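Coordinates in review
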Amino acid sequence: VAPNSLANLVYVSERTVDGSTFRTRDEASLLSTKDRWFRPVDAKVGPDGAVYLADWYDTRLSHVRPVDDWHKTSGRIYRVRPAGAAPAVAPFDLHKAPAAELLGLLSHSNRWFRKQAALEIGWRNLSELAPQLAAKCKANNDAHALDALFALDMLGGVDGKLVSDLLAHADPYMRRWAVKIIGEKGAAWTECADALASLASAEEHPEVRAQLLASAKRLPARTALPMLQAVARPMPAGETHLPLLAWWALEAKCTQEREETLAYLTKDTPLIQC
């Protein structure tokens, strides 16, 4: 769902997997109007599954005059839901929820509650939950291990040992986010280099391969260059993003780490399909 303030409508798009990335297909608009005052500026999904839409509601979208004469009291919030949908959820306040309840909400069937619980854990620095979160991350049979990883990362509780273990997780999205976190930590986690190289040589999931290449650009050459093997194996027909990511990662090393880059390119390594 995406508001278009200038066109007085709200788009709805279907997102589908396209190799290592995604593409969208526009569906019928959620709503549109000829009312030039309708200015949707934000849309969020609420805990009840409804779309909450913020409407600036002003004939102008920007302050084209320096005179303070725009409307400040006509803004509106719409709650959009299917006909016959369940009523709104009972009032609640996650800001006051105890730590144990937030931990339990990380397994809630509604993604909204999982996301908000993870944020609350991070905002309130509930570091006492770190051991349970780490255990949840490592569980290969936990469908919501990724939410636990988000919460633990916000607590600063993801260390090199844990993230190296996660590179072998059964869930490809856990592997992908482990690689992303390593890239964000940079050279501080050079102890993950061997695990990253092994993953790059064997990983088949296109999104994990894409993340390996994206993170490689941010890591030192000695760690990053072996990760380019993420594109050394056959790719799905029509895949164009992985070779570009590999090129950008390689290009980033060619100036300040020129000698290591040249040595890597001239040794006997599998062909990088760029």
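Notes on the structure in this doc start here.

How each quantity is defined
Residues numbered from 1 in each chain as written. Predicted model: local features only at pLDDT ≥ 70, side-chain atom pairs only at ≥ 80, totals over all residues. Heavy atoms only, no water. Core = buried A, V, L, I, M, F, W, Y, C linked by side-chain atoms within 4.5 Å. Buried < 20%, exposed > 50% of the residue type's maximum accessible area, 1.4 Å probe, protein only. Helix = DSSP H or I, 4+ residues; strand = E, 2+ residues; numbered from the N terminus. Contact = heavy atoms within 4.5 Å. Phe/Tyr/Trp six-rings, centres within 6.5 Å; stacked < 30°, edge-to-face > 60°. Pairing = 2+ DSSP bridges. Axes fitted to C-alpha atoms, helices over the stretch in contact; angles between N-to-C directions. Parallel < 35°, antiparallel > 145°, perpendicular 65-115°, else oblique. Left-handed = near helix turned anticlockwise from the far one by under 90°. Arc of directions from axis to C-beta. Salt bridge = Lys/Arg side-chain N within 4 Å of Asp/Glu carboxyl O.

For soluble globular proteins, nonpolar side chains are generally found buried alongside one another. Membership of the largest hydrophobic core comes to 55 residues, with the highest contact counts inside it found for Ile121, Leu133, Leu149, Val158, Ile182, Leu196 and Leu212. Here this core takes 6 residues from helix H4 (residues 145-154), the largest share from any one element. Among all residues touching Leu212, those that are not within four sequence positions of it are Val179, Leu196, Leu199, Ala200, Glu203, Met227 and Ala230.

Moving on, we come to the packing of aromatic side chains. Evaluation of the coordinates by the stated rule reveals 6 aromatic pairs. With centroids separated by 5.6 Å and ring planes inclined at 40 degrees, the aromatic side chains of Trp37 and Tyr57 adopt a geometry described as tilted. One end of the pair, Trp37, is in the loop between strand E5 (31-32) and strand E6 (40-45); the other, Tyr57, is in the loop between strand E7 (51-55) and strand E8 (76-80), and 20 residues separate them in sequence. On the basis of relative accessibility, which here comes to 28%, the residue Trp37 falls in the partly exposed class.

Let us now look at the pairing of strand E3 (residues 13-18). If a strand is regular, its side chains alternate between the two faces of the sheet. Strand direction decides the pairing type here: E3 and strand E4 (residues 21-26), joined by 6 bridges, are antiparallel. Pairing of Glu14 across the sheet is with Arg25, part of E4.

When two helices pack together, their arrangement is given by the angle between their axes and by how far apart the axes lie. The geometry of helix H2 (residues 111-123) relative to H4 is characterised by a closest axis approach of 8 Å and an angle of 20 degrees between their N-to-C directions. Comparing their axes, H4 and H2 come out roughly parallel. By crossing handedness, the relation of H2 to H4 is classed as right-handed. On H4, the residues that touch Arg114, Ala118, Leu119, Ile121 and Gly122 of H2 are Asp147, Ala151 and Met154.

In this section: helix H10 (residues 241-251). Taken residue by residue, H10 has Leu242, Pro243, Ala246, Ala249 and Leu250 as its buried positions. Down the axis of H10, the smallest arc covering the buried residues is 125 degrees, so these residues share one side. Looking at the packing, one finds that the buried side of H10 touches helix H8 (206-216) and helix H11 (258-266).

Evaluation of the coordinates by the stated rule reveals 12 salt bridges. Across the pair Arg25 and Glu27 runs a salt bridge, and its minimum N-O distance is 3.8 Å. Here Arg25 falls in the partly exposed class, since its relative accessible area comes to 46%. The shortest N-O distance in the salt bridge between Arg114 and Asp147 comes to 3.0 Å. Taken together, the residues Arg114 in helix H2 and Asp147 in helix H4 connect sequence positions 33 residues apart. The pair formed by Arg114 and Asp147 is uniform in burial state, with each residue classed as buried. A single network of salt bridges, built from pairs that share partners, joins Glu14, Arg25 and Glu27.

Within the secondary structure, Val45 sits in strand E6. Along the primary structure Val45 and Trp112 are separated by 67 residues, whereas in three dimensions their C-alpha atoms are 7.8 Å apart.

Relative to the helices and strands, Lys136 resides in helix H3 (residues 130-138). Among all residues touching Lys136, those that are not within four sequence positions of it are Leu106, Ser107, Asp142, His144, Ala145 and Ala148.

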